[in-house]
Amino acid sequence: TAHKLSVSPEMDIMEYCRKEWRGNTPVAKRMRKGYEAVAQKFASIRRIRGDNFCAFRATLFQALSQATQLPRWLQSEDFTMLPENLLSKYDWIKQWQLKQKPGKKMGEISDEIKEYLILLRKKWKNISEIKDPLEKQEACDILFKNEEEEYSLYEALKFLMLNTAIELYNADKSGRRVPVFSWLLFARDTSSNPYQLMHNHLNHIGHSGGLEQVEMFLLAYALQYTIQVYRLYKYSTDEFITLYPNDPEEDWPVVTLITEDDRHYNIPVRMCQETML
């Protein structure tokens, strides 16, 4: 069914914009200006299915479709041991909610999360080894048509975010320097520690809500990717192009997303020739 497509086929950016933003309201004018700016750099847009996982979907799709190697953190030996290692230190992780298995306790599902992490590594490895760009694109399209695998990957990403949050929280508590967003993350009444972050936020992503902005930073840190977002409603302000994190590491790859409202994300594709030179 067409509407179940996770990532729709390419469409010309300005054509898409004209279809979506016809009127002469100030908002429509601003959106058109925003899309024009994106169109200076990218030729096409692909719509991302919106089901509260769209930030994950857009980010992961972009990362995989340009992946040429396995990120360092995915290569490490103990990567797949994460669920066991964390559970041995933090009993509360048993309250992790699995999308496909609501009501199942984490004690029973650390093996399943391990499977999801192994799946993430396998898919990333396979796709990054494909040399031909069209073939690579096709492999991504196929992966994002397989709902079960797709949601398993998001489960893995969520768990990686929890792991990163725990690392940042502990680093801050022991007096090491942490990025500013980490303070903001734990300054929220609803997530003053990693347990609350899991309980009140991560467990709900994909069900009752998407990623808040501060969680976009956490996702970027977990993946060690810079997520660059064209925020169209902020056109003509200095937040129009926002980077998560805003002081990225030199060697982190960059993925680009588009949003009209900080809730739903689409992706620009096909860099215009002149910007690639």
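In this text, all values refer to a predicted model and were calculated from it rather than measured experimentally.

Caption draft 1: View of the state of the cysteines. Under the definition given, this model contains zero disulfides. The thiol sulfur of C54 is not disulfide-bonded, and the nearest other cysteine sulfur, from C140, lies at 18 Å.

Caption draft 2: Quick look at the environment of S128. Counting through the fold element by element, S128 comes out in helix α6 (residues 106-128). Counting along the chain gives 126 residues from S128 to V254, while the straight-line C-alpha distance between them is 15 Å. Residues in contact with S128, not counting those within four places in the same chain, are A67, T68, Q69, L70 and K136. Polar contacts involving the side chain of S128 include one to the main-chain carbonyl oxygen of K125, which spans 2.9 Å.

Caption draft 3: Molecular detail of the packing of aromatic side chains. By the definition in use, this model includes 20 aromatic pairs. Here W73 and F79 contribute two aromatic rings whose centre-to-centre distance is 5.9 Å and whose plane-to-plane angle is 55°, an arrangement assigned as tilted. Exposure remark for F79: the relative accessible area of 4% places this residue in the buried category. Measuring from centroid to centroid gives 4.9 Å for F217 and Y244, while their planes differ by 80°, and the two rings are edge-to-face. Linking F217 in helix α11 (residues 213-223) with Y244 in strand β4 (residues 241-244), this pair joins segments that are 27 residues apart in sequence. For the pair shown, F217 and Y244 are each scored as buried.

Caption draft 4: Spotlight on the side chain of K234. Position of K234 relative to the elements: it lies in the loop between β3 (226-231) and β4. The class for K234 is buried, based on a relative accessible area of 19%. When neighbours within four sequence positions are excluded, K234 is seen to be in contact with E239 and F240.

Caption draft 5: Structural view of the UniProt feature "site: Linear diubiquitin binding" (unreviewed entry) in the protein chain. UniProt tags E239 as "site: Linear diubiquitin binding" (unreviewed entry). Along the chain, the position of E239 falls in the loop between β3 and β4.

Caption draft 6: Broad picture of the pattern of salt bridges. For the coordinates displayed, the defined rule picks out 18 salt bridges. When the shortest N-O distance is used, the salt bridge between E10 and R270 registers 2.7 Å. With E10 in the segment before β1 (11-12) and R270 in strand β6 (residues 265-271), the pair connects residues that are 260 residues apart, well separated along the chain. Taking the relative accessible area as the measure of exposure, E10 reaches 35% and is therefore partly exposed. The closest approach of N and O atoms between R188 and E215, which form a salt bridge, is 3.0 Å. Of this pair, R188 sits in the loop between α9 (180-187) and α10 (194-200) while E215 sits in helix α11, and the two are 27 residues apart along the sequence. Considered together, R188 and E215 belong to a single accessibility category, that of buried residues.

Each value, and the rule that gives it
- The numbers attached to residues start from 1 for each chain and follow its sequence in the written order.
- Predicted model: local features are reported for residues with pLDDT of at least 70 only, side-chain atom pairs are reported and counted for 80 or more only, and whole-chain, interface and lining totals are derived from all residues.
- The basis for every side-chain value is the complete set of heavy atoms in the structure, and neither hydrogens nor water enter the calculation.
- Pairs of cysteine sulfur atoms within 2.5 Å are what we label disulfides.
- Secondary structure elements follow DSSP: runs of H or I no shorter than four residues count as helices, runs of E no shorter than two count as strands, and numbering proceeds from the N terminus.
- Throughout, a contact is declared for two residues whenever any of their heavy atoms are within 4.5 Å.
- Polar contacts, as counted here, are pairs of nitrogen or oxygen atoms within 3.5 Å of one another; within protein the pair requires one atom able to donate a hydrogen and one able to accept it, and residues that are adjacent in sequence qualify only if both atoms are side-chain atoms.
- Two aromatic rings, drawn from Phe, Tyr or Trp (for Trp, its six-membered ring), form a pair once their centres lie within 6.5 Å of each other, and the interplanar angle then sorts them: stacked below 30 degrees, edge-to-face above 60, tilted otherwise.
- The buried label applies to any residue whose accessible area, calculated with a 1.4 Å probe on protein chains only, is under 20% of its type's maximum; exposed applies above 50%, and partly exposed to all values in between.
- UniProt positions are given in the numbering used here, feature names are shortened, and annotations may be inferred rather than shown by experiment.
- One speaks of a salt bridge when a side-chain nitrogen belonging to Lys or Arg is within 4 Å of a carboxyl oxygen belonging to Asp or Glu.

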